[in-house]
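Chain by chain, the residues:
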Amino acid sequence: MNQLEIYYKSNLMMTRVPLCVLLPEVPYGENAEDFYAGKKRYPVLWLLHGATEDYNSWLQNCRLQINLSGHGLIVVMPNGWNSDFANHMQFGTGYAYADFFFKELMPFIYGTFPASAKPEDNYIAGFSMGGAGALMLGLLHPENFGGISPMGSSVRESAFLKLYLSMTGEAFRKMASANPALLPTEYGNPENGITPKEINMISRYETVQHYVDSMECTIERFNDALQQKKQLPEIFFCCGTQDSCYPKVLEFVACSNKKGADNVCYEALEGLDHSHAEEPFMAMIKHFNL
């Protein structure tokens, strides 16, 4: 595949956002200008990385150039730093990552490359933090995607917050920081309780209720979609059986199916833990036939 590294100057983010784009290779004997300027439009995989990483983790750990050769697929990998791919308007002059993704990045890709804008040709996926981000963005604008795949990740729960809904963000920060073991964690050591990052995610909202009502609380957004009978793309979870999120994936899939959601499924990879991304990635590619 052909690899382009781009620094997109975002007006919404007020910074340059690094991203990598993989394009289908030009068939031997064809002219590149004619090939990319032709009428053919290729499906797009929006691929989000995990926390503490960047798009290079996909290139280095999942051998994308080899595994996707000949697939006729455009892959877009933006850097999200440790943002959870969400809006952080209290940071600097405002850090509107979700807004950037839909209002700037997607139009840029559709307008610059032979990328199909048809929802059925667009898939959003990610690993760990990127998986949570893929689910969040996919539920925020499900009309843009044909499939969503959280890998090594699950939904963000809210039931444990019911006692604290009226608490201000700052009050929640003080309480949770003083007693983290009293609150569950989505991905950390259960004995240690809620992590500083999870506390920050919730406490930067005006109140805990505002967090529960936000795009980031994916369990609530999924339930909203079911109640409103929204048409959702297929949601495919994939993780190792030794991954700490695996029991939560099983619980969510079973619960969603009981609620009548027929668009949620999963694949378990026996014996793999959270350090493996290539196997879930290839399972996702196979599942969506990309």
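These numbers come from a predicted model, not from an experiment.

Rules and cut-offs
- Residues numbered from 1 in each chain as written.
- Predicted model: local features only at pLDDT ≥ 70, side-chain atom pairs only at ≥ 80, totals over all residues.
- Heavy atoms only, no water.
- Pairing = 2+ DSSP bridges.
- Helix = DSSP H or I, 4+ residues; strand = E, 2+ residues; numbered from the N terminus.
- Axes fitted to C-alpha atoms, helices over the stretch in contact; angles between N-to-C directions.
- Phe/Tyr/Trp six-rings, centres within 6.5 Å; stacked < 30°, edge-to-face > 60°.
- Buried < 20%, exposed > 50% of the residue type's maximum accessible area, 1.4 Å probe, protein only.
- Right-handed = clockwise from strand over helix to strand, strands pointing away.
- Core = buried A, V, L, I, M, F, W, Y, C linked by side-chain atoms within 4.5 Å.
- Contact = heavy atoms within 4.5 Å.
- Parallel < 35°, antiparallel > 145°, perpendicular 65-115°, else oblique.
- Left-handed = near helix turned anticlockwise from the far one by under 90°.
- Nonpolar A, V, L, I, M, F, W, Y, C, P; charged D, E, K, R; others polar.
- Polar contact = N/O pair within 3.5 Å; in protein donor to acceptor, adjacent residues only side chain to side chain.
- Salt bridge = Lys/Arg side-chain N within 4 Å of Asp/Glu carboxyl O.

**Regarding the sheet that holds strand S2 (residues 15-23)**
Backbone-to-backbone hydrogen bonds join strands into a sheet, with any given pair of strands oriented parallel or antiparallel. Pairing in this open sheet of eight strands is mixed, and the strands run S1-S2-S4-S3-S7-S8-S9-S10 from one edge to the other. Single-partner strands in this sheet number two, and they are strand S1 (2-10) and strand S10 (264-269). Within this sheet the neighbouring strands show an average axis-to-axis angle of 20°, counted without direction. Of the pairings in the sheet, the one linking strand S7 (residues 122-127) to strand S8 (residues 147-151) comprises five bridges and is parallel in character. Bridged to Ile124 within S8 is Ile148.

**Some points on the packing of aromatic side chains**
Per the stated rule, a full pass over the model turns up 16 aromatic pairs. Ring geometry for Phe237 against Phe252: centres 5.6 Å apart, planes inclined by 70°, an arrangement best described as edge-to-face. Taken together, the residues span a long stretch of sequence, with Phe237 in strand S9 (residues 234-240) and Phe252 in helix H10 (residues 246-258) at a distance of 15 residues. By relative accessible area, which is 0% here, Phe237 ends up buried. Taking relative accessible area as the criterion, Phe252 reaches 6% and is therefore assigned buried. One aromatic cluster is present, formed by Tyr8, Phe85, Tyr97, Phe100, Phe108 and Phe113 through successive ring pairs.

**Considering the pairing of S10**
Note: S9 against S10, six bridges, orientation parallel. Across the sheet, the residue bridging to Phe236 is Cys265, located in S10. In this region the chain leaves S9, passes through H10 and returns to the parallel neighbour S10; the handedness of that crossover is right-handed.

**Structural notes on the nonpolar core**
Ranked by size, the top nonpolar core spans 67 residues in total, and within it Trp46, Phe101 and Phe172 carry the most contacts. The leading source of residues in this core is helix H4 (residues 97-112), at eight residues. Contacts of Trp46, omitting those with residues within four sequence positions, involve Val76, Phe101, Leu105, Met106, Ile109, Tyr110, Asn122, Tyr123, Ile124, Ala125 and Phe145. In terms of nonpolar packing, the next biggest core, distinct from the first, is built from 29 residues, Met1, Cys62, Ala277 and Ile285 among them.

**Here we look at unusual backbone geometry**
Although it is not a glycine, Thr52 sits at a positive phi angle of roughly 65°. Note on Thr52: relative accessible area 71%, which makes it exposed. Of note, the phi angle at Arg63 is positive, near 45°, even though the residue is not glycine. By the secondary structure assignment, Arg63 is in the loop between helix H2 (56-61) and helix H3 (64-67).

**As for the packing of helix H5 (residues 129-140) against helix H9 (residues 218-227)**
For the pair H5 and H9, the least separation of the axes is 10 Å and the interaxial angle reads 30°. Considering the angle they form, H5 stands roughly parallel to H9. Between H5 and H9 lies a crossing of left-handed hand. Where H5 approaches H9, its residues Leu135, Met136 and Leu139 are matched on the opposing element by Thr218, Arg221 and Phe222. Along the lines of polarity and charge, the residues of the contact of H5 with H9 split into four nonpolar, one polar and one charged.

**Looking at the environment of Ser83**
Counting through the fold element by element, Ser83 comes out in the loop between strand S4 (74-78) and strand S5 (87-88). Put simply, Ser83 and Thr52 are 31 residues apart on the chain and 9.8 Å apart in space, counted from C-alpha to C-alpha. Beyond its immediate stretch of four places on either side in the chain, Ser83 contacts His88, Tyr95, Tyr97 and Met129. Here Gly80 takes part through its backbone oxygen, which lies 2.6 Å from a polar atom of the side chain of Ser83.

**With respect to the side chain of Ser214**
Turning to its location among the elements, Ser214 is positioned in the loop between helix H8 (208-212) and H9. Ser214 gets classed as buried once you look at its relative accessible area, which sits at 8%. A polar contact is formed between the side chain of Ser214 and the backbone oxygen of Tyr211, at a distance of 2.6 Å. With residues near it in sequence (within four places) discarded, Ser214 still touches Tyr205 and Arg221.

**Observations regarding the pattern of salt bridges**
A complete count under the given rule lists seven salt bridges for this structure. Of the charged contacts in the structure, one is a salt bridge between Arg63 and Glu278, with a shortest N-O distance of 2.7 Å. Taken together, the residues Arg63 in the loop between H2 and H3 and Glu278 in helix H11 (residues 278-287) connect sequence positions 215 residues apart. We classify Arg63 as partly exposed; its relative accessible area is 44%. Classification of Glu278 as buried rests on a relative accessible area of 17%. Residue Arg156 pairs with Asp84 through a salt bridge whose shortest N-O separation is 2.9 Å.

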